[in-house]
Amino acid sequence: MGQAASEETELIPRPDKTPAALKAALAVVAPDRLPEMIEGRTGAMAEAIATATATATATATATGSVQPIRSFVAHWAAVLEIERLPATSRAYHRSNYLANHAASIEECRRHAVTVAELYRAAFAAVNE
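Basis of the calculations
Residues numbered from 1 in each chain as written. Predicted model: local features only at pLDDT ≥ 70, side-chain atom pairs only at ≥ 80, totals over all residues. Heavy atoms only, no water. Helix = DSSP H or I, 4+ residues; strand = E, 2+ residues; numbered from the N terminus. Buried < 20%, exposed > 50% of the residue type's maximum accessible area, 1.4 Å probe, protein only. Contact = heavy atoms within 4.5 Å. Areas by Shrake-Rupley, 256 points an atom, 1.4 Å probe, with all protein chains shown as cover. Core = buried A, V, L, I, M, F, W, Y, C linked by side-chain atoms within 4.5 Å. Axes fitted to C-alpha atoms, helices over the stretch in contact; angles between N-to-C directions. Parallel < 35°, antiparallel > 145°, perpendicular 65-115°, else oblique. Left-handed = near helix turned anticlockwise from the far one by under 90°. Expected span 1.5 Å × (residues − 1). Polar contact = N/O pair within 3.5 Å; in protein donor to acceptor, adjacent residues only side chain to side chain. pLDDT = per-residue confidence, 0-100. Salt bridge = Lys/Arg side-chain N within 4 Å of Asp/Glu carboxyl O.

S.K.: How should I be thinking about the overall build of the protein chain in this particular structure?
M.R.: Counting secondary structure elements, the protein chain contains six helices and zero strands. Put simply, the protein chain runs from its N terminus to its C terminus through helices and strands in the order α-α-α-α-α-α. Classification of the 128 residues of the protein chain by burial places 30% in the buried group. At a minimum sequence separation of 6, the contacts of the protein chain that also span at least 24 residues come to 63%. As presented, the protein chain carries roughly 7,700 Å² of accessible surface, and 58% of it is formed by carbon and sulfur atoms.

Right, dumping it as structure tokens:
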């Protein structure tokens, strides 16, 4: 990756971990991914409602129904962590492209590992 993420220039400050703040930040750094985010948010809300409806006890409803929304926020916070750091974003997207266009399974695996490592590092940075 070259530069440590903490030393990398940020396009924008790290947004708050709320759907509205993440959406606003994504509109700045990766507006082409907004439809994907909106679809994910819709799915998380539908899953949360379905979980709440299907759950019999109040305790399970209170904890179980918010998990899809928490997962949505955690994922998009990680995506934003990647996208707001230019060198990290370039490395992530390059490796993703190369994994999808690899000539061999070994080459695909090598690039996919890089993608996963970058995502895990971003996820850890924003979800500790």
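S.K.: What am I meant to see in the nonpolar core here?
M.R.: The nonpolar side chains of soluble globular proteins are, as a tendency, buried together. The biggest cluster of nonpolar side chains holds 22 residues, and the ones touching the most others in it are Leu22, Leu26, Met37, Phe72, Trp76 and Leu80. At the level of secondary structure, the elements contributing two or more residues to this core comprise helix H1 (19-29), helix H2 (34-54), helix H4 (67-83) and helix H6 (105-126). Examining the composition of this core, we find that eight residues originate from one element, H4, more than from any other. Apart from residues no more than four positions distant in its own chain, phenylalanine 72 is found in contact with Pro19, Met37, Gly40, Arg41 and Ala44.

S.K.: What am I meant to see in the environment of alanine 48 here?
M.R.: Assignment of secondary structure puts alanine 48 in helix H2. Of the residues examined, alanine 48 reaches a relative accessible area of 7% and is grouped as buried. Not counting chain neighbours up to four residues away, the residues in contact with alanine 48 comprise Ser65, Pro68 and Ile69.

S.K.: How should the packing of H1 against H4 be read in this particular structure?
M.R.: A pair of packed helices is captured by two measures, namely the crossing angle of their axes and the spacing between those axes. Two elements in contact, H1 and H4, have axes whose closest approach is 10 Å; the angle formed by their N-to-C orientations is 30°. What the angle tells us is that H1 and H4 run roughly parallel. Crossing handedness for the pair H1 and H4: left-handed. Where H1 approaches H4, its residues Pro19, Leu22, Ala25, Leu26 and Val29 are matched on the opposing element by Phe72, Val73, Trp76, Ala77, Leu80 and Glu83.

S.K.: Can you walk me through helix H5 (residues 86-100) in this structure?
M.R.: At 3.6 residues per turn, the α-helix brings residues three or four places apart onto the same side. Helix length check: H5 (15 residues) gives 21 Å between terminal C-alpha atoms against 21 Å at 1.5 Å per residue, within 8%. Taken together, the buried positions of H5 are occupied by Ala87, Thr88, Ser89, Tyr92, Ser95 and Ala99. Contact partners of the buried residues in H5: H4 and H6.

S.K.: Explain the side chain of glutamate 81 to me, please; I cannot follow it from the model alone.
M.R.: Tracing the backbone shows glutamate 81 in helix H4. Here the side chain of glutamate 81 touches arginine 14 through a polar contact of 2.8 Å, side chain to side chain. Apart from residues no more than four positions distant in its own chain, glutamate 81 is found in contact with Arg14, Ala122, Ala125 and Val126.

S.K.: Is there a simple way to explain the confidence of the model for the protein chain in this structure?
M.R.: Detailed reading of the predicted coordinates is not advisable wherever pLDDT falls low. Chain-level statistics for the protein chain give a pLDDT mean of 88 and a share of 84% at 70 or above. Mean pLDDT across the elements of the protein chain ranges from a minimum in helix H3 (residues 58-64), with 50, to a maximum in H6, with 98.

S.K.: Hey, could you run me through the pattern of salt bridges in this one?
M.R.: Opposite charge on two side chains lets them pair, provided their charged atoms get close. Per the stated rule, a full pass over the model turns up five salt bridges. Residues arginine 84 and glutamate 10 are paired through a salt bridge, measuring 3.2 Å at the closest nitrogen-oxygen approach. Highlighted residues: arginine 84 in the loop between H4 and H5 and glutamate 10 in the segment before H1, separated in sequence by 74 residues.

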